[in-house]
Amino acid sequence: MGFRATDGPHVRMFKKRVTLSLPPMVYDLIIIGGGPAGLTAGVYARTRKLSTLILEAQAIGGQLEWLYPTKSVYDYPSYIAIEGGELAQLFVLHSRESGAELRSEEVVDIERQPSGFRVRTREGNAFETRTILLAMGMGLFEPKRLDVPGETELEGRGVEYRVRDRHEFKDKRVIVVGGGDSALEIALEIFAAAKKVILVHRRGEFRAMEKNVEAVLKSPIEVRFDAEVTSIEGDGHVERAVVYDNRTLKKQVFDVDAVIVNIGFQPKITPLPKWGIELEGERLIKVKADMSTSVRGIYACGDIVSYPGKDKRIVTGCGEAVTAIMSVYKYLKQPYWA
Ligand code: NAP
């Protein structure tokens, strides 16, 4: 939409506004994944004025929003404690305010184009971009199941795999299964309001961070090591769980209102292999120190990447995002930055 000499100032301003609000034909950057790493990348990309689109398939805000919105996060610097959902919203707000465009769409394909890449979504859209940053976290995932009698029948009726709202467990007797950070943090999240929380772990020691282990051991949470839930029972809702000590084979039946299973997550089928990027195993992307992948123009950061010493934390994912954006910027500015 060009200006004509006869256009008055308002027409010019209108035309300018219309022009500015149109999406670019080819984005500088498409970020796939709208969790902390992807949203941080959005903020930093905008400091370099890169036209940036963020596509998120599950929940904008990522795991913080989808998995544990009412769980407190204690290891995000500058917040002594902040609920997952609130932190997620701050990430989203920051990214949006920076000028990144956010869309709830699931990427199903990436194709090479002369100008870079075409990204197709399940919603039927296609977006063109010069570079891509993969920040899909664990990808689309589902909780691992115990596969014990009663689990499937009582799912959603006392058998849970995530805590959407900790207040749901007020005055309830709850078994939490697992020995990783997720299980311990859930137990810590709900014990104050719950009537009783029993943490059942299959081994004699936890896998979780010492900080969480110490907090659990100091709390009124009852810990059952070397123990396994072998069946969950109830008439239309959880009423009991059978727990075996796997050393003595002693059986105990606990009257409970809920069993929260938190024994890790398994990713759903990933489209990564067909995009031709070098992987570590089936689901992690190999990156160099600058967060570049084996495909020129495609970068990655956050929980989906693999490199020696990689640790899955919100803060490290955000740090990797900054490195990735600097690399994207240099790539786009070649040969000046080469
Ligand atoms: P995880 O670390 O893989 O722990 C899964 C736990 O479930 C383990 O203790 C495992 O037992 C147990 N388990 C697995 N299969 C089981 C089965 N069939 N029956 C009974 N128990 C079973 O998973 P996560 O806790 O979800 O954590 C995933 C990653 O995210 C970790 O790297 C974790 O540190 C990280 N994370 C970080 C934070 C944070 O930074 N604040 C919070 C949450 C998670 P074994 O120990 O015997 O294998």
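Residues numbered from 1 in each chain as written. Predicted model: local features only at pLDDT ≥ 70, side-chain atom pairs only at ≥ 80, totals over all residues. Heavy atoms only, no water.

Peer 1: Explanation requested: the overall build of the chain in the structure shown.
Peer 2: For the chain, the count of helices and strands is seven helices and 22 strands. Projecting the C-alpha coordinates of the chain onto the three principal axes gives extents of approximately 85 × 45 × 40 Å. When burial is assessed residue by residue, the chain has 48% of its 338 residues classed as buried. Contacts in the chain between residues at least 24 apart in sequence constitute 55% of all its contacts with a sequence separation of at least 6. When the accessible area of the chain is evaluated, it comes to approximately 17400 Å², of which 52% is carbon and sulfur surface. (Helix = DSSP H or I, 4+ residues; strand = E, 2+ residues; numbered from the N terminus. Buried < 20%, exposed > 50% of the residue type's maximum accessible area, 1.4 Å probe, protein only. Contact = heavy atoms within 4.5 Å. Areas by Shrake-Rupley, 256 points an atom, 1.4 Å probe, with all protein chains shown as cover.)

Peer 1: Is there a simple way to explain the sheet that holds strand β15 (residues 240–245) in this structure?
Peer 2: Two orientations exist for strands paired in a sheet by backbone hydrogen bonds: parallel and antiparallel. Read across the sheet, three strands follow the order β14-β15-β16 without closing on themselves; strand pairing throughout is antiparallel. The open sheet has two edge strands with one neighbour each: β14 (227–233) and β16 (251–255). Strand-to-strand, the axes of this sheet are offset by a mean angle of 25°, without reference to chain direction. Bridging between β15 and β16 involves five bridges; their strand directions are antiparallel. The partner of Y244 across the bridge, within β16, is K251. (Pairing = 2+ DSSP bridges. Axes fitted to C-alpha atoms, helices over the stretch in contact; angles between N-to-C directions.)

Peer 1: Would you mind showing me how to read the environment of V108 here?
Peer 2: Summarising the element assignment, V108 is placed in strand β6 (residues 107–113). Sequence separation between V108 and K274 is 166 residues; the distance between their C-alpha atoms is 10 Å. When residues no more than four places from it in sequence are discounted, the contact partners of V108 are R120, T121, R122, P271, K274 and W275.

Peer 1: Which parts of the structure should I look at to understand the domain arrangement of the chain?
Peer 2: The parts lose accessible area when they come together, and the size of an interface is often stated as this lost area. Each domain of the chain was delimited in the assignment, giving domain 1 (26–140 + 268–332) and domain 2 (142–265). The interface is formed by 13 residues belonging to domain 1 together with 14 residues belonging to domain 2. Buried area between domain 1 and domain 2, both sides added, is near 1200 Å², and the carbon and sulfur share of it is 48%. Put simply, domain 1 and domain 2 have two salt bridges between them. One salt bridge connects E83 with R166, and the closest N-O pair in it is separated by 3.0 Å. Counting across the domain 1 and domain 2 interface gives eight residue pairs in polar contact (both at pLDDT 80 or more). (Domains from an automatic or database assignment. Buried area = accessible area lost by both parts, 1.4 Å probe. Salt bridge = Lys/Arg side-chain N within 4 Å of Asp/Glu carboxyl O. Polar contact = N/O pair within 3.5 Å; in protein donor to acceptor, adjacent residues only side chain to side chain.)

Peer 1: Any chance you could explain the site of the ligand here in plain terms?
Peer 2: Close to the ligand lie 15 residues, the nearest being D181, S182, R203, R207 and R313. One of the backbone N or O atoms of G179 is found 3.0 Å from an oxygen atom in the ligand. Residue G180 places a main-chain N or O atom 3.3 Å away from an oxygen atom belonging to the ligand. Among the residues making up the shell around the ligand, the classes are represented as three nonpolar, five polar and seven charged. (Near = heavy atom within 4 Å. Nonpolar A, V, L, I, M, F, W, Y, C, P; charged D, E, K, R; others polar.)

Peer 1: Is there a simple way to think about the packing of helix α5 (residues 181–190) against helix α6 (residues 210–218) in this case?
Peer 2: Two numbers describe a pair of packed helices, the interaxial angle and the distance between the axes. Put simply, α5 and α6 touch, their axes get as near as 10 Å, and they point 40° apart. Classed by the angle they form, the pair α5 and α6 counts as oblique. Here the hand of the crossing between α5 and α6 comes out left-handed. Across the interface between the two elements, D181, L184, E185 and L188 from α5 touch N212, V213, A215 and V216 from α6. Its residues placed into classes, the contact of α5 with α6 shows five nonpolar, one polar and two charged. (Parallel < 35°, antiparallel > 145°, perpendicular 65-115°, else oblique. Left-handed = near helix turned anticlockwise from the far one by under 90°.)

Peer 1: Please explain the side chain of S327 as it appears in this structure.
Peer 2: Along the chain, S327 falls in helix α7 (residues 314–332). A polar contact is formed between the side chain of S327 and the backbone oxygen of D290, at a distance of 2.7 Å. Apart from the residues within four sequence positions on either side, S327 is in contact with D290 and Y299.

Peer 1: I would appreciate a short explanation of α6 in the present structure.
Peer 2: The periodicity of an α-helix, 3.6 residues per turn, causes residues three or four places apart in sequence to face the same way. All of the buried residues in α6 are N212, V213 and V216. Viewed along the axis of α6, the buried residues span an arc of 100°, placing them on a single side of the element. Pointing more than 90 degrees away from the buried face of α6 are the exposed residues E210, K211 and K218. Looking at the buried residues of α6, the elements they touch are α5, β12 (196–200) and β13 (222–224). (Arc of directions from axis to C-beta.)

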